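Inside the fold
What follows is the residue order along each chain.
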Amino acid sequence: MMKRIRKLSMLGLTVVLLFAMASAAQAYPHPGGLVTSGEWDTIDSKIDANLYPWAEAFDSMMEDADAALGETGHAIATLNIPGYYANPSAHDAAKLRLEIDAQSAYAAAVAYRLTDDTDYADKAKEILNDWSYTNTAITGTDGRLVSAYVGVGLINAADLIKDYSGWSAADKTQFGDWLTNVTLPVWDSITFTSNWRDWSLYAQIASYQFLDDETAMASEVNQLKTQIDVSIADDGFLPDETTRGQNSLWYHYFALTSMTAAAEIVKNATGEDLFHWTSPNGRSIKQALDKMFYYVDGHVSEWPTAYGGGNQSFSNARNLYEAMAEIYADEDYEDYVKSSRPLQGRINYSSGYYHNHAWVYPTLLRTSFLDTIADIIIDNDEAEYTGTWSTSSFKSKKYGADYRYTAVGTGSNKMRWRPDLVTAGTYSVYYWLPDGYTGYASNAPFTVYYDGGSETTLVNEQVVPGGSWKLLGTYDFAAGTGGYVELTNNANSTNVIGDAIKFVIEDEAPPTSVEVIVDNSDAEQTGTWNVSDYKPREYGDDYAYTATGTGSVKMRWRPNLPEAGTYSVYYWLPDGYGGYASNAPFTVYYDGGSDTKTVNEQVAPGGSWKLLGSYVFASGTSGYVELTNNANNTYVVGDAIKFVKN
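Residues numbered from 1 in each chain as written. Predicted model: local features only at pLDDT ≥ 70, side-chain atom pairs only at ≥ 80, totals over all residues. Heavy atoms only, no water.

Now for the overall build of the protein. Summing up its helical and strand segments, the protein has 14 helices and 26 strands in all. Each principal axis of the C-alpha atoms in the protein carries an extent, and together these give about 90 × 80 × 70 Å. Looking at the protein as a whole, 52% of its 646 residues are labelled buried. Summed over all atoms, the accessible surface of the protein reaches about 26,800 Å², with 48% contributed by carbon and sulfur. (Helix = DSSP H or I, 4+ residues; strand = E, 2+ residues; numbered from the N terminus. Buried < 20%, exposed > 50% of the residue type's maximum accessible area, 1.4 Å probe, protein only. Areas by Shrake-Rupley, 256 points an atom, 1.4 Å probe, with all protein chains shown as cover.)

Side-chain positions along a regular strand alternate between the two faces of the sheet. A one-sided burial pattern is seen for strand 7 (residues 414-417), the buried positions being Met415 and Trp417 and the unburied ones Lys414 and Arg416. The pairing of strand 4 (residues 384-386) with strand 7 spans 3 bridges and is antiparallel. When the sheet's bridge partners are listed, Thr386 is paired in strand 7 with Lys414. Two strands pair when backbone bridges link them, and strand 7 and strand 12 (residues 484-488) are joined in this way by 4 bridges, in the antiparallel orientation. By the bridge assignment for strand 12, Lys414 is matched with Thr488. (Pairing = 2+ DSSP bridges.)

Quick look at empty space enclosed by the protein now. With the rule as written, the count across this model stands at 2 cavities of 30 Å³ or more. Considering only enclosed or pocket space, the largest cavity measures out at about 80 Å³ in volume. Forming the walls of the largest cavity are Gly33, Leu34, Val35, Trp40, Tyr106, Ile155, Asn156, Asp159, Leu160, Ala206, Gln209 and Ile265. Among the elements of the structure, helix 7 (152-161) and helix 9 (195-211) are those that each provide at least two residues to the lining of the largest cavity. When residues of the lining of the largest cavity are assigned to their parent elements, the largest contribution, 4 residues, is made by helix 7. (1 Å grid on protein atoms, 1.4 Å probe; cavity = no way out; pocket = protein on both sides within 12 Å on 5 of 7 lines; lining within 4 Å. Points joined across faces, edges and corners; volume = space filled by probe spheres on them.)

Examined against the element boundaries, Thr363 turns out to sit in the loop between helix 14 (331-337) and strand 3 (376-378). Of the residues examined, Thr363 reaches a relative accessible area of 0% and is grouped as buried. Of note is the side chain of Thr363, whose polar atom sits 2.5 Å from the side chain of Glu322. (Polar contact = N/O pair within 3.5 Å; in protein donor to acceptor, adjacent residues only side chain to side chain.)

Turning to the sheet that holds strand 17 (residues 530-532), a few remarks are in order. Consider a sheet: its strands pair through backbone hydrogen bonds, and that pairing is either parallel or antiparallel. Read from one edge of the open sheet, 3 strands run 17-18-25, paired in antiparallel fashion. Unpaired on one side and paired on the other, strand 17 and strand 25 (635-638) mark the two borders of the sheet. Going across the sheet, the axis of each strand differs from the next one's by a mean of 35°, ignoring polarity. Note: strand 17 against strand 18 (residues 543-547), 3 bridges, orientation antiparallel. The residue of strand 18 that forms the bridge with Ser532 is Tyr543. (Axes fitted to C-alpha atoms, helices over the stretch in contact; angles between N-to-C directions.)

The next point concerns the nonpolar core. The biggest cluster of nonpolar side chains holds 118 residues, and the ones touching the most others in it are Met61, Tyr321, Met324, Tyr361 and Leu364. Sort the elements by how many residues they give to this core and helix 11 (residues 248-270) lands first, with 14 residues. Once residues lying within four places of it in the same chain are set aside, the contact partners of Met61 are Ala107, Val110, Ala111, Leu114, Gln344, Tyr361 and Leu364. (Core = buried A, V, L, I, M, F, W, Y, C linked by side-chain atoms within 4.5 Å. Contact = heavy atoms within 4.5 Å.)

Once that is clear, we can look at the sheet that holds strand 22 (residues 593-599). Taken in spatial order, the 5 strands of this open sheet run 16-19-24-21-22, and their pairing is antiparallel. Of all strands in the sheet, those bounded by a partner on one side alone are strand 16 (524-526) and strand 22. Pairs of neighbouring strands in the sheet enclose a mean axial angle of 20°, with direction left out of account. Bridge analysis of strand 21 (residues 584-590) against strand 24 (residues 624-628) gives 4 bridges, and the strand direction is antiparallel. Pairing of Val588 across the sheet is with Val625, part of strand 24.

The next point concerns the pairing of strand 9 (residues 444-450). Counted residue by residue, strand 9 has 5 buried out of 7 residues, so it is predominantly covered. Relative to strand 10 (residues 453-459), strand 9 is paired through 7 bridges, and the arrangement is antiparallel. If you follow Tyr450 over to strand 10, its bridge partner there is Gly453. Where strand 9 meets strand 12, 4 bridges bridge the pair, whose relative direction is antiparallel. Considered in strand 12, the bridge of Tyr449 is made with Tyr484.

Further remarks concern the pattern of salt bridges. The tally for this structure, following the rule as stated, stands at 23 salt bridges. Among the salt bridges present, the one from Asp435 reaches Lys397, with a minimum N-O distance of 3.6 Å. Here Asp435, found in the loop between strand 8 (425-432) and strand 9, pairs with Lys397, found in the loop between strand 5 (390-392) and strand 6 (403-407); they are 38 residues apart in sequence, far enough to count as distant. Looking at Lys397, the relative accessible area reads 42%, which means it is partly exposed. The salt bridge partner of Asp595 is Lys597, with a shortest N-O separation of 3.8 Å. Looking at Lys597, the relative accessible area reads 27%, which means it is partly exposed. One salt-bridge network, held together by shared partners, links Glu322, Glu326, Glu334, Arg341 and Arg366. (Salt bridge = Lys/Arg side-chain N within 4 Å of Asp/Glu carboxyl O.)

With that out of the way, let us pick up the side chain of Asp402. Along the chain, Asp402 falls in the loop between strand 5 and strand 6. Aside from chain neighbours lying at most four places away, what touches Asp402 is Asn380, Thr391, Ser392, Ser393 and Asp499.

Right, let's get into helix 12 (residues 285-296). Taking 1.5 Å of rise per residue, 12 residues should cover 16 Å, and helix 12 covers 17 Å from first to last C-alpha, within 8% of that figure. For helix 12, the complete set of buried residues consists of Ile285, Lys286, Ala288, Leu289, Met292, Phe293, Tyr295 and Val296. Where the residues of helix 12 are buried, they touch helix 10 (214-231), helix 11, helix 13 (318-328) and helix 14. (Expected span 1.5 Å × (residues − 1).)

Moving on, we get to a negative patch on the surface. On the surface, a cluster of negative charge is contributed by Asp59, Glu63, Asp66 and Glu515. Ranked by the residues each element gives to the negative patch, the list is headed by helix 3 (residues 54-68), at 3 residues. Secondary-structure assignment places Asp66 in helix 3. Here Asp66 falls in the partly exposed class, since its relative accessible area comes to 42%. (Patch = residues over 30% accessible without salt bridge, like charges linked within 9 Å, V, L, I, M, F, W, Y side chains within 5 Å. Lys, Arg positive; Asp, Glu negative; His and termini not counted. Charge placed at Lys NZ, Arg CZ, Asp CG, Glu CD.)

That's the geometry; what it means functionally is another story.
Quick look at the structure:
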């Protein structure tokens, strides 16, 4: 027994020493890049309580995480990315492997932090190991940029699982060596002041946070300060991005997402707040955000003619401003984003995966939301009355100038406080009374009429002192004036009194969404289409295919849309193979025109929604998506189409 105790004691001492050594080597907490451990705890508690919008955002993120479990790494020794403007299709094809893996690793790592399910941590680890042990070079015109704006997702994932015991010390060292020897030299070579520099700084700052390199971090923070100073003009525009014509607004967004994400890591890792920092020349991140915000918040048509004019290719910056609304407690930003929750990152229309890894899950990873809906207080002079009520100011601690009273009776005398609620949701309802006395009712019946029912609370109006808000209860209300609080004179004693009622929103109802899915079995077909379930990851039971030809064979997915508006249109295909068309023409017929997108049906894996675009549709069945057989190779495949109202 003594030998066993001594052995355990020595083992304990060894563990303590190892822990001390590890702690000494760790300059920054992990996780602690984009989200701190304390923030993770808060987010987790919101999800456990099933609160909107965290619960909905969690469900959306878990779709990505569960899809990730079916992926394997796509790392390659030399990641060569051609220039986008010289060869868009080759560019997209080359970066697809990194897009899939960055999204899969990051989603899995986020899921691990919120579920403690090690299957997700193991998947993230597997993908990170694949890249760190396989990739040795990054080349091509856009290699430096793409590896930063997509590859930083791998680093963010690594931060989230760095404390996972299942990721071995050797593997973590290898990942760090990959950053040090392969990616960081490439990113550090970007020195010009456009969005390339913003993304390189974000990726380097994320790397040095993971590597616990305080010296290199300090250097990058200074360079980020310089970038803020030189890349933002006095008027808030970004001069390097104003020369991009119809894409200049997009490039402003593209630069600011990475600049702000870098600032978030700096704040969490070092405590230095660059969001509220002003450079020696008077430039700040908020200055640039406010400038762009004016245009994306309904004024795109006013974008300066000198910078490309109002016909910009981009206007939706909500994932960025979702994050910034919390950082700056900016109610204008909050109003801009709240109806679109839960928000996620920017999607690459060509692949269906996240285009970049700044603010990928901004709704989910907020710890609070601004109370932009003011409390609604209805005083007695704004209430509705039935029967005779008198006004008095005799008792102290009343709300406002006075209160009302009536003689007790059978309940025929009524007082109603009816709010006009701007949004549906859960509200706490409070009453206010002045100081009581024995002639007031001890059982005054206050009835709350809410969405779906009513509840009566008997209030003792004899209580002294009065003069404070007292809770009647918490209830769900529809928007508008359908709900109210009613007080009657069906009570004891001599008089019933009424003063003020307050409605305080606690949980805003999620916006209603419209989603219509049309599977191949419900589609209209012209010509001969065959049904198959041979390829996996089809939507529903099967998919349809036909031989390629002149375009005479057609499939139409025609939804019956309950509302007019802007809809995002997605397609779903099973796993592809070499005999399928690489240029299948999907044409969206929307209200006022049509738009054709060629889809590569050879892509594997399939089995996920991929965006065709966003379009305005009338209600009803006039809009549709059409696929023809005017394509190359042997077969054209059609499966399902989804319409989601924005």
